[in-house]
Amino acid sequence: MRSNAKDRALRERAAQVIPGGMYGHQSTILMPEGFPQFFTQAEGTRISDADGNTYIDFMCAFGPNLLGYQHPEIMTAIQRQQTQIDTSTGPSPLIVDLAEAMVDMISHADWAMFCKNGSDATTMALMISRAHRDKRKVLVATNAYHGSLPWSTPRPGGVLAEDRAHLIYFDYNDPQALTDAVKQAGNDLAGIFATPFRHDTFTDQTLPDAEYAHTARRLADEHDALLVVDDVRAGFRMARDCSWETIGVRPDLSAWGKVLGNGQPISALLGNNRAREAASRIFVTGSYWFSAVPMAAALETVRIIRETDYLDHIQKIGALFRNGLVEQAKGFGFDLRHTGPETLPMVLFDDDPDFRLGYAFCAAALKRGVYLSPYHNMFINAAMTEADIAETLEATGAAFEEIKQNRDSIQPSQLLMAMAEQKRPTTMRQ
Ligand code: PMP
């Protein structure tokens, strides 16, 4: 029997000293009951919670774990750099090495700037788009996540309509909606934000339509605006390049984060020569942006990305997981929708409008040592082996059996039901 006594005690302490007990995307508030909040160990593809329960982790830290937690070569690079210099009065030469490595690897990029979070990189993209020709309007797909700052956070608390006064929303993958949004911007169009594919929560994922992506490029060019691809989530899980290289569209700017240091705090904004002058004119910085240790980790991560077959491997493992799960579900009388790239799988049940089956399934898998998400895309990492997938499928087989037995008594999440009754956060947007 799994214990969660330590996790419960930590939650009680946290509730006293951390607003809401926990905040942001790593709060388990939206997860099914029983999901642990606190973890004490992470290695390879597994995480252990505060009570010592270990899980095969399909969330990968919400992305950063690309090559395996505690990857030996990256750990060696980190430890070596820690003995020399990290956060100091100026950057180390590694910043130049890393900028060169990124420019060499990412086809559209002529320069790189480094920061800490994905939100830093997307906000720099927003500022550079506006600085480029001193224009204001920025187009963003409805419900697309680009970070947690006032212009982009999905929840309304603390956000003013003015924070989004010059954003215009359009439907992802709809060239006509994009064209209409560009018209609405008139001669004030600064930039168009695109995600590599639609990866909104609680929704099937959709890959980009080539016509939509080419329309975005053409409209940006016609208006001397910048095209931004937000690769913070999908980066290096679709290509060893910007994700839109897969459909032949090159942005002016691309935002990176998460996997860049395989979990070390570093993100990046990359750009082409067209955007260089504006990028050199904005003032952006941070106390830790120039720290050398995460850059050492990133250089090693990028080297492994360049030199190994990690991408083929995660594609193969992702396909095994996808095909195995969908087949298995059928055997128990459930139809699963497994959408998006196999390396970033979203798994939703058919005939499950309030997500009760998905929630019960993930709770049942968790009890058997597999950490899945019922509402967010998951992530495959290169440490996962065929044996991990076999072990996963054994657990999910038992989880399907459990929910099949209990199907009539499964209730939806109370919190989800309450949220569904509230207005969708996007209604606050301009
Ligand atoms: N853009 C996308 C597409 C993301 O998925 C995220 C994070 N989930 C961000 C931006 C923001 O990154 P961060 O949380 O590191 O600020």
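Before reading further, recall that the structure is shown in the block above.
Below or above, wherever it landed, is the structure these notes cover. (Residues numbered from 1 in each chain as written. Predicted model: local features only at pLDDT ≥ 70, side-chain atom pairs only at ≥ 80, totals over all residues. Heavy atoms only, no water.)

**Some words on the site of the ligand**
Just so we agree on the cut-off: The near set for a molecule or strand comprises every residue that places at least one heavy atom within 4 Å of it. Per-residue accessibility takes into account occlusion by the displayed protein chains alone, with areas from the Shrake-Rupley method and a 1.4 Å probe. Only Asp, Glu, Lys and Arg are considered charged in this grouping, and only Ala, Val, Leu, Ile, Met, Phe, Trp, Tyr, Cys and Pro are considered nonpolar; every other residue, Gly among them, is considered polar.
In the vicinity of the ligand, the contacting residues are Asn 117, Gly 118, Ser 119, Tyr 145, His 146, Gly 147, His 199, Asp 230, Val 232, Arg 233 and Lys 258. Relative to its unbound accessible surface of 390 Å², the ligand loses 88% to contact with the protein. Considered class by class, the residues forming the shell around the ligand number 2 nonpolar, 6 polar and 3 charged.

**Some details on the pattern of salt bridges**
Proximity of charged atoms lets side chains of opposite charge pair with each other. Rule in force here: Salt bridges are defined as contacts in which a side-chain nitrogen from Lys or Arg sits within 4 Å of a carboxyl oxygen from Asp or Glu. Segments assigned H or I by DSSP are reported as helices when at least four residues long, segments assigned E as strands when at least two residues long, and all are numbered from the N terminus. The buried label applies to any residue whose accessible area, calculated with a 1.4 Å probe on protein chains only, is under 20% of its type's maximum; exposed applies above 50%, and partly exposed to all values in between.
A full pass over the atoms with the stated rule returns 24 salt bridges. One salt bridge connects Asp 7 with Arg 11, and the closest N-O pair in it is separated by 2.8 Å. Here Asp 7 and its partner Arg 11 are both found in helix 1 (residues 5-17), 4 residues apart, which amounts to about one turn of the helix. You can call Asp 7 buried: its relative accessible area is 4%. Looking at Arg 11, the relative accessible area reads 31%, which means it is partly exposed. Of the charged contacts, one joins Glu 300 and Arg 303 as a salt bridge, the two residues approaching to 2.8 Å between their closest N and O atoms.

**Considering unusual backbone geometry**
A positive phi angle, close to 70°, is found at Asn 173, a residue other than glycine. Tracing the backbone shows Asn 173 in the loop between strand 6 (167-170) and helix 5 (175-185). On the basis of relative accessible area, Asn 173 is assigned to the buried category, the value being 17%. Backbone geometry places Phe 355, a non-glycine residue, at a positive phi of 65°. For Phe 355, the position within the fold is in the loop between strand 12 (346-349) and helix 10 (356-367). Judged by its relative accessible area of 19%, Phe 355 is buried.

**Focus on the pairing of strand 6**
Both faces of the sheet carry side chains from a regular strand, because those side chains alternate between them. Selection criterion: Between any two strands, pairing holds if DSSP finds at least two bridges.
Taking every second residue as pointing to the same face, both faces of strand 6 are buried, with Leu 167 and Tyr 169 on one and Ile 168 and Phe 170 on the other. Taken together, the 4 bridges between strand 5 (residues 137-141) and strand 6 define a ladder with parallel strand orientation. Bridge pairing in strand 6 places Val 140 opposite Tyr 169.

**Notes on the sheet that holds strand 3 (residues 54-57)**
Threshold: Contact between two residues is taken to exist if any of their heavy atoms lie within 4.5 Å; hydrogens are not considered. For helices, the fitted line uses only the C-alpha atoms of the stretch in contact; every axis is such a line through C-alpha atoms, and the angle between N-to-C directions lies from 0 to 180 degrees.
Pairing is mixed in the open sheet, where 4 strands are placed in the order 1-2-3-13. Of all the strands in the sheet, the pair left with one neighbour each is strand 1 (39-43) and strand 13 (370-371). Strand direction decides the pairing type here: strand 3 and strand 13, joined by 2 bridges, are parallel. Considered in strand 13, the bridge of Asp 57 is made with Tyr 371. Along the sheet face, helix 11 (residues 386-406) touches strand 2 (46-49), strand 3 and strand 13 and points at about 110° away from the line of strand 3.

**Examining the side chain of Gln 37**
To keep things clear, this is the line we draw: Here a polar contact means two N or O atoms within 3.5 Å. Within protein one must be a hydrogen donor candidate and the other an acceptor candidate, and residues neighboring in sequence count only if both atoms are side-chain atoms.
Mapped onto the elements, Gln 37 comes out in the loop between helix 1 and strand 1. Gln 37 gets classed as buried once you look at its relative accessible area, which sits at 11%. A distance of 2.7 Å separates the side chain of Gln 37 from the backbone oxygen of Gln 26, its partner in a polar contact. Residue contacts for Gln 37: discarding those within four places in its chain leaves Asp 7, Arg 11, Met 22, Gln 26, Ser 27 and Thr 28.

**With respect to the packing of aromatic side chains**
This is how it is decided: Side-chain rings of Phe, Tyr and Trp, where Trp is taken by its six-membered ring, are said to pair if the distance between their centres is within 6.5 Å; with planes under 30 degrees apart they count as stacked, over 60 as edge-to-face, and otherwise as tilted.
Counted by the stated rule, this structure contains 17 aromatic pairs. Taking 6.1 Å as the distance between ring centres and 70° as the angle between the ring planes, the aromatic pair formed by Phe 39 and Tyr 371 counts as edge-to-face. Placement of Phe 39 in strand 1 and of Tyr 371 in strand 13 is noted, with a sequence separation of 332 residues between them. Judged by its relative accessible area of 35%, Phe 39 is partly exposed. Ring plane angle 25° and centroid distance 4.5 Å describe the contact between Phe 58 and Phe 321, whose orientation is recorded as stacked. Of this pair, Phe 58 sits in the loop between strand 3 and helix 2 (72-82) while Phe 321 sits in helix 9 (residues 310-331), placing them 263 residues apart in sequence. For the residue pair Phe 58 and Phe 321, the accessibility class agrees, reading buried in each case.

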